[in-house]
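One-letter residues, chain by chain:
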Amino acid sequence: GAVVSQHPSRVICKSGTSVKIECRSLDFQATTMFWYRQFPKQSLMLMATSNEGSKATYEQGVEKDKFLINHASLTLSTLTVTSAHPEDSSFYICSAQIRGSNYEQYFGPGTRLTVT
Amino acid sequence: AQKITQTQPGMFVQEKEAVTLDCTYDTSDPSYGLFWYKQPSSGEMIFLIYQGSYDQQNATEGRYSLNFQKARKSANLVISASQLGDSAMYFCAMSRGYGNNRLAFGKGNQVVVIP
């Protein structure tokens, strides 16, 4: 149980284009999902918190117009990187908090984004 | 602001031996949670263990145990009977409070288990 999927696992896009990453909780409902980014050999940095049916809450320094988050249902959140630049290349990981749990949070396998 | 510190360099551990990974934290919140995650080379984050700040007992999950010393603000992970599959990066993380699971992560510890 507690499986989180991400799609795509890898994506290469050209500068200036937009790319959408999906995060799904496959066998549980998630009222809250989180988006992180991880640069090579570095730690995870929280970008934003996504709650079903409401606007995402972004961490300080994260551009909300550049990283659009939509939490359309209790099992799906999407992150759209708009007008991508090479510096947006990173590993993006989502996590989902089990509905009704105080701390159980499970991570997706991550999406490797490369912007050329 | 919260801060998680993991300062150990990469570690080599003999198979079947125990290993302790250090984690210290700093927070002004009275209520918080501490987590350990494993990240193998494939990239996924695997939840290992959780300790709430008000929990009286140290958390244990199979071969994983958390040595929680609240006064010292440390939450060290102990892996007993290391296996080759334990080779990975290990991250300590902290949440802001009860039910608030925005996590702040440490820089991680690299562990390599050798046969």
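Residues numbered from 1 in each chain as written. Chains lettered and ligands numbered in written order. Predicted model: local features only at pLDDT ≥ 70, side-chain atom pairs only at ≥ 80, totals over all residues. Heavy atoms only, no water.

Caption draft 1: Seen up close, the layout of surface pockets. Reported here for the largest pocket is a volume of approximately 560 Å³. Those elements that provide at least two residues to the lining of the largest pocket are β5 (44-51) of chain A together with β11 (100-105) of chain B. Examining the composition of the lining of the largest pocket, we find that four residues originate from one element, β11(B), more than from any other. Residues that form the lining of the largest pocket fall into these classes: nine nonpolar, six polar and five charged. In this structure, the second largest pocket encloses a volume near 360 Å³. A:Q38, A:P40, A:K41, B:Q39 and B:M89 are the residues nearest the centre of the second largest pocket, which is lined by 15 residues in total. Broken down by class, the residue content of the lining of the second largest pocket amounts to six nonpolar, seven polar and two charged. (1 Å grid on protein atoms, 1.4 Å probe; cavity = no way out; pocket = protein on both sides within 12 Å on 5 of 7 lines; lining within 4 Å. Points joined across faces, edges and corners; volume = space filled by probe spheres on them. Helix = DSSP H or I, 4+ residues; strand = E, 2+ residues; numbered from the N terminus. Nonpolar A, V, L, I, M, F, W, Y, C, P; charged D, E, K, R; others polar.)

Caption draft 2: Molecular detail of the pattern of salt bridges. Considering all chains together, one arrives at five salt bridges over all chains under this definition. Note that B:R102 and A:E59 form a salt bridge whose closest N and O atoms lie 2.9 Å from each other. With B:R102 in strand β11 and A:E59 in the loop between β6 (57-58) and β7 (67-73), the pair connects residues from two separate chains. For the salt bridge of B:K73 with B:D26, the shortest nitrogen-to-oxygen distance reads 3.4 Å. You can see B:K73 sitting in the loop between β8 (64-69) and β9 (74-79) and its partner B:D26 sitting in strand β4 (residues 24-26), a full 47 residues away along the chain. A relative accessible area of 40% means that B:D26 is categorised as partly exposed. (Salt bridge = Lys/Arg side-chain N within 4 Å of Asp/Glu carboxyl O. Buried < 20%, exposed > 50% of the residue type's maximum accessible area, 1.4 Å probe, protein only.)

Caption draft 3: Layout of unusual backbone geometry. Along the chain, A:H7 connects to A:P8 via a cis peptide bond; the corresponding omega equals 0 degrees. Mapped onto the elements, A:P8 comes out in the loop between β1 (4-7) and β2 (10-13). Its identity as a non-glycine residue notwithstanding, A:S83 has a phi of 45 degrees, on the positive side. Looking at where A:S83 falls in the secondary structure, it is placed in the loop between β8 (76-81) and β9 (90-98). The residue B:K16 is not glycine, and still its phi comes out positive at about 80 degrees. Relative to the elements of secondary structure, B:K16 occurs in the loop between β2 (11-14) and β3 (19-21).

Caption draft 4: Region of interest: the state of the cysteines. All names here are of chain A. Counted according to the given criterion, the structure contains two disulfides over all chains. There is a disulfide in this structure between C23 and C94, and the S-S distance comes to 2.0 Å. Here the disulfide of C23 and C94 is right-handed, its torsion about the S-S bond being about 80 degrees. Residue C23 is found in strand β3 (residues 19-25), and its partner C94 is found in strand β9; the two are separated by 71 residues along the sequence. What makes C23 buried here is its relative accessible area of 0%. In this structure C94 comes out as buried when scored by relative accessible area, which is 0%. (Disulfide = S-S within 2.5 Å.)

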